[in-house]
Amino acid sequence: MGGGRGRRSNPAGDSIPQLCHRTPGVPIDVPVPTPPHVPQPRPPRPHCCVSLQASCSVSPQDLAVPNAGWSAAMCEQYQRLLRCTTNGSWRRIPSYRRGLDHLPEVLQMTVDPGPGPRLFLRNVDAEGAGFEYAIFLHASGRRTRCLCQVGPYLEGHQGFAHGGAIATLVDTTVGTCALAAAKMSAMTAKLSISYLAPVPLGAVVVADSRVEQHEGRKIFLSCQVCDTQRDTLYAEATALFIQVEDNNSPPSPAACPQR
Ligand SMILES: CCCCCCCCCCCC(=O)SCCNC(=O)CCNC(=O)[C@H](O)C(C)(C)COP(=O)(O)OP(=O)(O)OC[C@H]1O[C@@H](n2cnc3c(N)ncnc32)[C@H](O)[C@@H]1OP(=O)(O)O
């Protein structure tokens, strides 16, 4: 027992491993005094100028911008799409780690809201490993274009993207379009996808979505996923979204201020 790690029984008889300050010559089961607590300096809070002062401004990081994990092809296509935003025909939608972060009140929060649920597409921190994407919304509010680099953590068959990853990309692209058209929350009721060609890991793809019909609470959409040259149609999909009042649903991109 030279490592100082011991076991002690609790009243229920279970053996609980715990750290023990072992004094030579003292039997292991004899309680030893706990050393006085020495307060340690707190590590600095990320993205925060002064701990929890009311004046401290913390804003979530917009992830729909180039990072070191983006390939040259991804950067080139992103710049092309960005140029389409200069005349106002398209708008880049900021994208944060959590759905909550898209709410205007959170964007203006003065204290760090702390950890919480993460958006499915933003749950891999390593740059370039998961989904790298940016979504653009057409001025009509009825079309979205998602540029996506499919990272190696999205593998299904060896060397190719998992079908669920493509479905996630499609759901997010049509979902953002539905949210914009609805100008309120909307949820996927139905999603139908035809997988036409496998997507190689590392590929940069473009998912184009549009509203086909909007009847009361029902929004019917279509989506095509292609390579950037539009030579290969990887997948096509149709979706039905239903407008809902539920506060737990994602906010409409219309509610997201451009930063
Ligand atoms: C800023 C960016 C942030 C970042 C966010 C980026 C976007 C992310 C998007 C992600 C989207 C998701 O993954 S959402 C998560 C996956 N989806 C879900 O969990 C939804 C689960 N389902 C539900 O909660 C519910 O079934 C709803 C909300 C879809 C519908 O329920 P409801 O509100 O009670 O409506 P209900 O009366 O049943 O139906 C209304 C009408 O729609 C029809 N309808 C309903 N479901 C269907 C269906 N599957 N197929 C055909 N038709 C249907 C009904 O017949 C009816 O037609 P009529 O009689 O009126 O003619």
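Chains are numbered independently. Their residues run from 1 in the order of the written sequence. Since the coordinates come from a predicted model, pLDDT governs what is reported: local features require at least 70, and pairs of side-chain atoms require 80 or more to be given and counted, while whole-chain, interface and lining totals use all residues. Side-chain numbers here rest on the full set of heavy atoms in the structure, without hydrogens or water.

The protein chain has the name Acyl-coenzyme A thioesterase THEM4 in an unreviewed UniProt entry, where Coturnix japonica is given as its organism. Checking UniProt for the protein chain, the heading Sequence similarities (unreviewed entry) contains the comment "Belongs to the THEM4/THEM5 thioesterase family." UniProt positions are given in the numbering used here, feature names are shortened, and annotations may be inferred rather than shown by experiment.

Enquirer: Just checking my understanding: could you explain the packing of aromatic side chains for this structure?
Expert: What characterises a pair of aromatic rings is the spacing of the ring centres plus the angle enclosed by the ring planes. Here a Phe, Tyr or Trp ring, Trp counted by its six-membered ring, pairs with any other such ring whose centre lies within 6.5 Å, and the pair is stacked when the planes are under 30 degrees apart, edge-to-face when over 60, and tilted otherwise. Summed over all chains, the structure comprises 2 aromatic pairs. Ring plane angle 80° and centroid distance 5.1 Å describe the contact between Trp-70 and Tyr-78, whose orientation is recorded as edge-to-face. Exposure classes here rest on a 1.4 Å probe applied to the protein chains alone. A residue is buried below 20% of its type maximum, exposed above 50%, and partly exposed in between. Owing to a relative accessible area of 6%, Trp-70 belongs among the buried residues under this scheme. Through pairs of rings, three or more aromatic residues link up here, namely Trp-70, Tyr-78 and Phe-136.

Enquirer: Honestly, the site of the ligand in this entry has me stumped. Any pointers?
Expert: When we say a residue is near a molecule or strand, we mean one of its heavy atoms is within 4 Å of it. Inspection of the region around the ligand gives 17 residues, with Asp-171, Thr-188, Ala-189, Arg-217 and Lys-218 positioned closest. Under the rule applied, a polar contact is a pair of N or O atoms within 3.5 Å (in protein, one hydrogen donor and one hydrogen acceptor; residues adjacent in sequence only if both atoms are side-chain atoms). One nitrogen or oxygen atom from the side chain of Asp-171 is found 2.9 Å from an oxygen atom belonging to the ligand. Burial of the ligand by the surrounding chains reaches 53%, relative to a free accessible area of 1,300 Å². For the purposes of this entry, the term helix denotes a DSSP run of H or I that reaches at least four residues, the term strand denotes a run of E that reaches at least two, and both are numbered from the N terminus. Elements represented by at least two residues in the shell around the ligand include exactly helix H3 (163–182), strand E6 (186–195) and strand E9 (233–243). For the shell around the ligand, the element with the most residues is E6, which contributes 4 residues. Surface accessibility in these figures is a Shrake-Rupley result with a 1.4 Å probe; residues are shielded only by whichever protein chains are displayed.

Enquirer: Can you help me understand the pattern of salt bridges in this one?
Expert: For side chains of opposite charge, pairing can occur when their charged atoms come near one another. A side-chain nitrogen of Lys or Arg and a carboxyl oxygen of Asp or Glu constitute a salt bridge if their distance falls within 4 Å. Under the counting rule described, the total for this entry stands at 6 salt bridges. Between Arg-145 and Asp-208 there is a salt bridge whose closest N-O contact spans 2.7 Å. A residue pair is termed long-range when its members are at least 10 positions apart, and Arg-145 in strand E5 (residues 143–150) and Asp-208 in strand E7 (residues 204–215) qualify at 63 residues. Residue class for Arg-145 comes out buried when judged on its relative accessible area of 17%. As a salt-bridge pair, Asp-208 and Arg-230 come within 3.2 Å of each other at their nearest N and O atoms. Here the residue Asp-208 occupies a position in strand E7, and Arg-230 occupies one in the loop between strand E8 (218–227) and E9, the gap between them amounting to 22 residues. Of the residues examined, Arg-230 reaches a relative accessible area of 40% and is grouped as partly exposed. Each of Arg-97, Arg-118 and Asp-125 takes part in one network of salt bridges that share partners.

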